Amino acid sequence: MTIREAVEVMKMLAPIAPKIIQADNAPAMIRIIMDHFAEVDPTLTLRIMSLMYHEHIDTLVATLEDTSSPEFFSMLVEGFVVNSLADLIEGIYVLGMARKVAENGD
Amino acid sequence: MVERVEFSLGGNDHEIERSRLGKHLTLNKVRECLVKAVKEGDGGAIADSLFEYLATPTPNLDRRTYESAPWFEIIMAFSAVQDLNTIPLADQYAILQQYEDDKKSDAVPWDYPGRGGVVWRHLLASSYGWSIEEIDNLWPEQAVELLMEIFSDDADDREFAYRLSEVAYEFDKATKKSRYRPLKRPPWMVLGSEMTKEERKKSILTDLRRDFLPVGEIVRADSDQ
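Residues numbered from 1 in each chain as written. Chains lettered and ligands numbered in written order. Predicted model: local features only at pLDDT ≥ 70, side-chain atom pairs only at ≥ 80, totals over all residues.

Enquirer: Can you walk me through the overall build of chain B in this structure?
Expert: Helices and strands together make up the secondary structure of chain B, namely 8 helices and 6 strands. Its helices and strands in sequence order give chain B the pattern β-β-α-α-α-α-β-α-α-α-β-β-α-β, from N to C terminus. Burial analysis of chain B (225 residues in total) assigns 21% to the buried set. In chain B, 68% of the contacts between residues at least 6 apart in sequence involve partners at least 24 apart. (Helix = DSSP H or I, 4+ residues; strand = E, 2+ residues; numbered from the N terminus. Buried ≥ 20, exposed ≤ 12 C-beta atoms within 10 Å, placed from the backbone. Contact = placed C-beta atoms within 7 Å.)

Enquirer: What is the right way to read helix α4 (residues 43-52) of chain A from this model?
Expert: A turn of α-helix holds 3.6 residues, and therefore any two residues three or four places apart point the same way. Residues and elements named next belong to chain A. Residues of α4 that are buried: Ile48, Met49, Ser50, Leu51 and Met52. Structurally, α4 contributes buried residues whose contacts are with α1 (3-13), α5 (57-64) and α6 (69-82). The first or second residue beyond α4 is His54, which carries a positive phi of 60°.

Enquirer: How should I be thinking about the interface of chain A and chain B in this particular structure?
Expert: Many descriptions give the size of an interface as the accessible area lost when the pieces come together. Tallying the contact residues gives 19 residues for chain A and 19 residues for chain B. Those elements giving two or more residues to the side of chain A that touches chain B turn out to be α1 and α7 (85-94) of chain A. Among the elements that make up the side of chain A that touches chain B, the one with the highest residue count is α1(A) (6 residues). Class assignment of the residues belonging to the side of chain A that touches chain B gives a composition of 9 nonpolar, 4 polar and 6 charged. (Nonpolar A, V, L, I, M, F, W, Y, C, P; charged D, E, K, R; others polar.)

Enquirer: Looking at this structure, I do not really get α7(A). What am I missing?
Expert: Restricting attention to buried positions, one finds in α7(A) the residues Leu88(A), Ile89(A), Glu90(A), Gly91(A), Ile92(A) and Tyr93(A). Among the residues trailing α7(A), Gly96(A) stands out with phi positive, at a value near 75°.

Enquirer: Mind showing me how you'd approach the domain arrangement of chain B here?
Expert: Assigned domains within chain B: domain 1 (4-85) and domain 2 (95-212). Domain 1 of chain B puts 9 residues into the contact, and the matching count from domain 2 of chain B is 13 residues. (Domains from an automatic or database assignment.)

Enquirer: What exactly am I supposed to notice about unusual backbone geometry here?
Expert: Keep in mind that most residues, glycine aside, have a negative phi and that most peptide bonds are trans. Non-glycine residue His54(A) carries a positive phi angle of around 60°. Within the element layout of this structure, His54(A) appears in the loop between α4 and α5. The phi dihedral of Lys176(B) falls on the positive side, at around 55°, and the residue is not glycine.

Enquirer: Honestly, the packing of helix α1 (residues 21-40) of chain B against helix α2 (residues 43-55) of chain B in this entry has me stumped. Any pointers?
Expert: The axes of two packed helices give the description: the angle between them and the distance between them. All names here are of chain B. Between α1 and α2, the least distance of the axes is 9 Å, while the angle of their chain directions is 165°. One element, α1, and the other, α2, form an angle in the roughly antiparallel class. Pair α1 / α2 crosses with left-handed handedness. Residues Leu27, Val30, Arg31, Cys33, Leu34, Ala37 and Val38 of α1 form the contact with α2, whose own contacting residues are Ala45, Ile46, Ser49, Leu50, Glu52 and Tyr53. Classifying every residue of the contact of α1 with α2 gives 10 nonpolar, 1 polar and 2 charged. (Axes fitted to C-alpha atoms, helices over the stretch in contact; angles between N-to-C directions. Parallel < 35°, antiparallel > 145°, perpendicular 65-115°, else oblique. Left-handed = near helix turned anticlockwise from the far one by under 90°.)

Enquirer: When you look at the environment of Asp154(B) in this model, what are you seeing that I'm missing?
Expert: In this fold, Asp154(B) is placed in helix α7 (residues 140-163). For Asp154(B) and Ala37(B), which are 117 residues apart along the polypeptide, the C-alpha to C-alpha distance reads 36 Å.

Enquirer: Teacher, can you tell me more about the environment of Val118(B) here?
Expert: Relative to the helices and strands, Val118(B) is located in helix α5 (residues 115-128). Judged by the 12 C-beta atoms lying within 10 Å of it, Val118(B) is exposed.

Enquirer: I keep staring at the nonpolar core and nothing clicks. Help me out?
Expert: Most often, soluble globular proteins have nonpolar side chains that are buried together. Val9(A), Met10(A), Leu13(A), Ile92(A) and Leu50(B) are the most contacted members of the largest nonpolar core, which totals 45 residues. Looking at this core, the elements that each hand over two or more residues are α1, α2 (17-20), α3 (26-40), α4 and α7 of chain A together with α1, α2 and α4 (71-84) of chain B. Here this core gets 7 residues from one element, more than from any other, and that element is α1(A). Apart from residues no more than four positions distant in its own chain, Leu13(A) is found in contact with Ile20(A), Ile33(A), Leu88(A), Ile89(A) and Ile92(A). Membership of the second largest hydrophobic core comes to 8 residues, among which are Leu21(B), Leu96(B), Trp120(B) and Leu124(B). (Core = buried A, V, L, I, M, F, W, Y, C linked by C-beta atoms within 7 Å.)

Enquirer: Would you take a moment to explain the pairing of strand β5 (residues 177-180) of chain B for this structure?
Expert: Residues and elements named next belong to chain B. Two elements, strand β4 (residues 169-172) and β5, share 4 bridges in a ladder whose sense is antiparallel. From the neighbouring strand, Asp172 faces β5, where its bridge partner is Lys177. Between β4 and β5, which pair antiparallel and follow one another directly, the connecting turn spans 4 residues, one of which, Lys176, has a positive phi of 55°. (Pairing = 2+ DSSP bridges.)

Enquirer: Help me out: how do you make sense of the environment of Gln22(A) in this one?
Expert: Residue and element names in this part refer to chain A. With respect to the helices and strands, the residue Gln22 is situated in the loop between α2 and α3. For Gln22, a count of 13 C-beta atoms within 10 Å translates into the label partly exposed. Gln22 sits 33 residues away from Glu55 along the chain, and the two C-alpha atoms are 31 Å apart.

Enquirer: Where do I start with the confidence of the model for chain A in this structure?
Expert: In low-pLDDT segments, the atomic positions of the prediction should not be examined closely. Residues and elements named next belong to chain A. Residues with a pLDDT of 70 or more make up 93% of chain A, whose mean pLDDT is 87. Mean pLDDT in chain A bottoms out at helix α8 (residues 101-104), which sits at 44, and peaks at α1, which reaches 95. Low pLDDT, under 50, characterises residues 101-106; the stretch is placed with 8 contacts to residues that sit more than four places away or in other chains. (pLDDT = per-residue confidence, 0-100.)

Enquirer: Whenever I open this one, the packing of α1(A) against α7(A) confuses me. Can you help?
Expert: All names here are of chain A. Viewed as axis vectors pointing N to C, α1 and α7 meet at an angle of 80°, and their least axial separation amounts to 9 Å. Between α1 and α7, the angle falls in the class roughly perpendicular. Along its contact with α1, which presents Ala6, Val9, Met10 and Leu13, the element α7 presents Leu88, Ile89, Gly91 and Ile92. Broken down by class, the residue content of the contact of α1 with α7 amounts to 7 nonpolar, 1 polar and no charged.

Here's what the structure looks like:
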């Protein structure tokens, strides 16, 4: 991702950053992200993948047409491996997009 | 004290030194823009501010390299430059602490981005007659120390003039005597004297003024949260 794409991804993840860092493992982190996107705006999942895979959203939709749920999930996980989720979360805090865990956590 | 940091951006290595006042104030100005962009959720402005921030101490950083550099390198570089340019021992300077009383005093109707730096230069130039170049060559902590003395002298002068004025005294009907009504000093000047420890603790919002705080999360080792 370029810095502009990464900033957009961080903006999407910022509201749930405190929850993500409290998750026990990587699948739980992805689950928190997917649950949040499903609740707020389901198109955010596609958008974040479009940014991470550097592909236009229409192209991505066409690619994902025959993709099963587990495959989709693993693509999302891979996106967060290539663009380290830990680094993205750190970036969110470094840029001041989210506050301390103690203030925003549950 | 860390005096220089190294970072890599897009395959190019950069080594930068801690900024003197001129660049320090420019960095503060850019950071104000960054904070505003983050607050408004303006992704383009965030990316642009990050470039401006990194380009301030790294004049040979070009836009093309920045745009094509891995994003995590940019975040790491930003973090490194920010840490390098934090005023050393800032928590020892009372003026860099923000209090309940002055939390609304930052903005004035004629405010504009970077006005803080202009105020610093204006006060130093007025007091010492130095040129902008000379002022910009100070270390930020030297400027803070001098500004504290300027404010302190100014407060003493005001107090002296105030004591000579009749508005400083109010008539107490009970004792039928005039009573001196002290002039209120900025909260940072009464730190540790008129304020009790409890009052001080209660009035402190943060350890540092907002415009001197690094952007992002601050985790204190002694925090109980």
